[in-house]
Amino acid sequence: MSDTLQYPTLRKLSGGVQNSLMEGPVKHTMTQSTDPTKPTEDFLQAATTLGIVFEPTDLDQLARFLALLLDANTRTNLTAITDPAEAWTRHILDALTLLPMLADLPDAARIIDIGSGGGLPAIPLTIVCPHLRFTLLEATGKKVTFLRETIAALGLSNAEVIQGRAEQAGQDRGTRNPDGSRTDGLRESFDVVTARAVGRLAVVAELTIPLAKPTGLVLLIKGQKADEELAEAAKALEILGASHAGTVETPTGRIVALEKNCLTPRTYPRRDGEPKRVPLGVPKKA
Ligand code: SAM
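Residues numbered from 1 in each chain as written. Predicted model: local features only at pLDDT ≥ 70, side-chain atom pairs only at ≥ 80, totals over all residues.

### Describing the overall build of the chain
(1) Moving on: On a plain count of helices and strands, the chain comes out with twelve helices and ten strands.
(2) Moving on: Expressed as a percentage of the 286 residues in the chain, the buried residues total 45%.
(3) Moving on: Look at the contacts in the chain between residues 6 or more apart in sequence, and 71% of them connect residues 24 or more apart. (Helix = DSSP H or I, 4+ residues; strand = E, 2+ residues; numbered from the N terminus. Buried ≥ 20, exposed ≤ 12 C-beta atoms within 10 Å, placed from the backbone. Contact = placed C-beta atoms within 7 Å.)

Following this line, the structure appears as structure tokens:
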């Protein structure tokens, strides 16, 4: 991948400005491709529009991932999308829309993807960003097995998979050293936290923000309800120590970017299931 991406960097996004950068949604021509090993013209065109220049092996690796995902999906429920042509756009391209926002990260920066499922958006990003280190956090055992096998099959040495819940990862403070400092905790240790399709924003905020460093970013792939969800999550962001940095329209949806401004209060995330059961800062319906 080159640095010639035409998206704004997060710094340019700051200020909460709504950015509509793309020429509109990708038109799905519904070209029925039965061969996941070949990227569609729609995909290649949209990737070019995003300014993505692939390294020679990237497309082969992305195709191998897609083939593994669709094959495993016949045995384990990983995705509702079974048409390879559609999957190139709705999975691979959708994941790669995050790329421009990762462009400024230094080598070996750490990214955690929450609720990775079948590996989206994390595996396509791991493939095209070998200089960054990815952690995939997933609660379900069968999905974790798929993720581990896929990472091994693709030889992705810059990714690791953790089986567990975000509520526990967010409270993992590691080991206390004799001098009082701590090592190896997951809490507040990542430069960027990503998530796609893990729940509404007020819920995902509590699952993601505690894992970001105090200067870190949270990038959430969202759909058309992004603004509505953001308004609902306003109080949660304030409590958790983050603010809205901007929303970017992409060819496949919207990315909501959150900036962390300070440490998250230690009581968050709450215990397993609580963020979803009682979303933080959202008034209960009468
Ligand atoms: N991100 C993937 C995608 O976009 O295709 C998977 C989305 S799937 C709808 C949601 C995933 O999040 C599931 O695999 C589920 O097991 C996982 N998940 C939900 N809540 C979680 C939590 N609290 N901690 C870790 N994983 C969670």
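### A short note on the pairing of strand E2 (residues 110-114)
(1) Moving on: In terms of burial, E2 is a largely internal element, four of the five residues being buried.
(2) Moving on: Bridge count between E2 and strand E3 (residues 133-138): five bridges; the pairing is parallel. Within E3, the position partnered with Ile-114 by the bridge is Leu-137.
(3) Moving on: In this view, the connection linking E2 to its parallel neighbour E3 by way of helix H6 (residues 122-128) has right-handed handedness. (Pairing = 2+ DSSP bridges. Right-handed = clockwise from strand over helix to strand, strands pointing away.)

### Some details on the site of the ligand
(1) Moving on: Gly-115, Gly-117, Ala-139, Ala-166 and Arg-196 are the nearest of the 18 residues found near the ligand.
(2) Moving on: When residues of the shell around the ligand are traced back to their parent elements, those giving at least two are E3 and helix H8 (166-169).
(3) Moving on: For the shell around the ligand, a count of residues per class yields eight nonpolar, five polar and five charged. (Near = placed C-beta within 6 Å. Nonpolar A, V, L, I, M, F, W, Y, C, P; charged D, E, K, R; others polar.)

### Points about unusual backbone geometry
(1) Moving on: A cis amide bond, omega 5 degrees, links Leu-120 with the succeeding residue Pro-121.
(2) Moving on: Along the chain, Tyr-268 connects to Pro-269 via a cis peptide bond; the corresponding omega equals 0 degrees.
(3) Moving on: By secondary structure assignment, the location of Pro-269 is in the loop between strand E10 (254-260) and helix H12 (274-277).
(4) Moving on: At Asp-184, a position not held by glycine, the phi torsion is positive, near 70 degrees.
(5) Moving on: Note that Asp-184 resides in the loop between strand E6 (182-183) and strand E7 (190-196).
(6) Moving on: Given 9 C-beta atoms within 10 Å, Asp-184 falls into the exposed group.

### Notes on helix H7 (residues 141-154)
(1) Moving on: Given a rise of 1.5 Å per residue, 14 residues ought to cover 20 Å, and the 20 Å separating the end C-alpha atoms of H7 matches this to within 8%.
(2) Moving on: For H7, every residue scored as buried is listed here: Lys-143, Phe-146, Leu-147, Thr-150 and Ile-151. The buried residues of H7 occupy an angular sector of 125 degrees when the element is viewed end-on, so they sit on one face. Exposed residues lying more than 90 degrees from the buried face of H7 are Gly-141, Ala-152 and Ala-153.
(3) Moving on: The elements touched by buried residues of H7 are helix H3 (58-72), H6, E3 and strand E4 (159-163).
(4) Moving on: At the C-terminal side of H7, Gly-155 shows a positive phi close to 65 degrees. (Expected span 1.5 Å × (residues − 1). Arc of directions from axis to C-beta.)

### Considering the packing of H3 against H7
(1) Moving on: Interhelical geometry of H3 versus H7 gives an angle of 150 degrees and a closest axis separation of 11 Å. Viewed along their axes, H3 and H7 form a crossing whose handedness is right-handed. On H7, the residues touching Gln-61, Arg-64, Phe-65, Leu-68 and Ala-72 of H3 are Phe-146, Thr-150, Ala-153 and Leu-154.
(2) Moving on: The residue inventory of the contact of H3 with H7, partitioned by class, reads six nonpolar, two polar and one charged. (Axes fitted to C-alpha atoms, helices over the stretch in contact; angles between N-to-C directions. Left-handed = near helix turned anticlockwise from the far one by under 90°.)

### Quick notes on H3
(1) Moving on: Between the first and last C-alpha of H3 there are 21 Å, a value that for 15 residues agrees with the 21 Å anticipated at 1.5 Å per step.
(2) Moving on: Residues of H3 that are buried: Leu-62, Phe-65, Leu-66, Leu-68, Leu-69 and Ala-72. For H3, the angular spread of the buried residues around the axis is 160 degrees, confining them to a single face.
(3) Moving on: On its buried face, H3 sits against helix H4 (84-96), H6 and H7.

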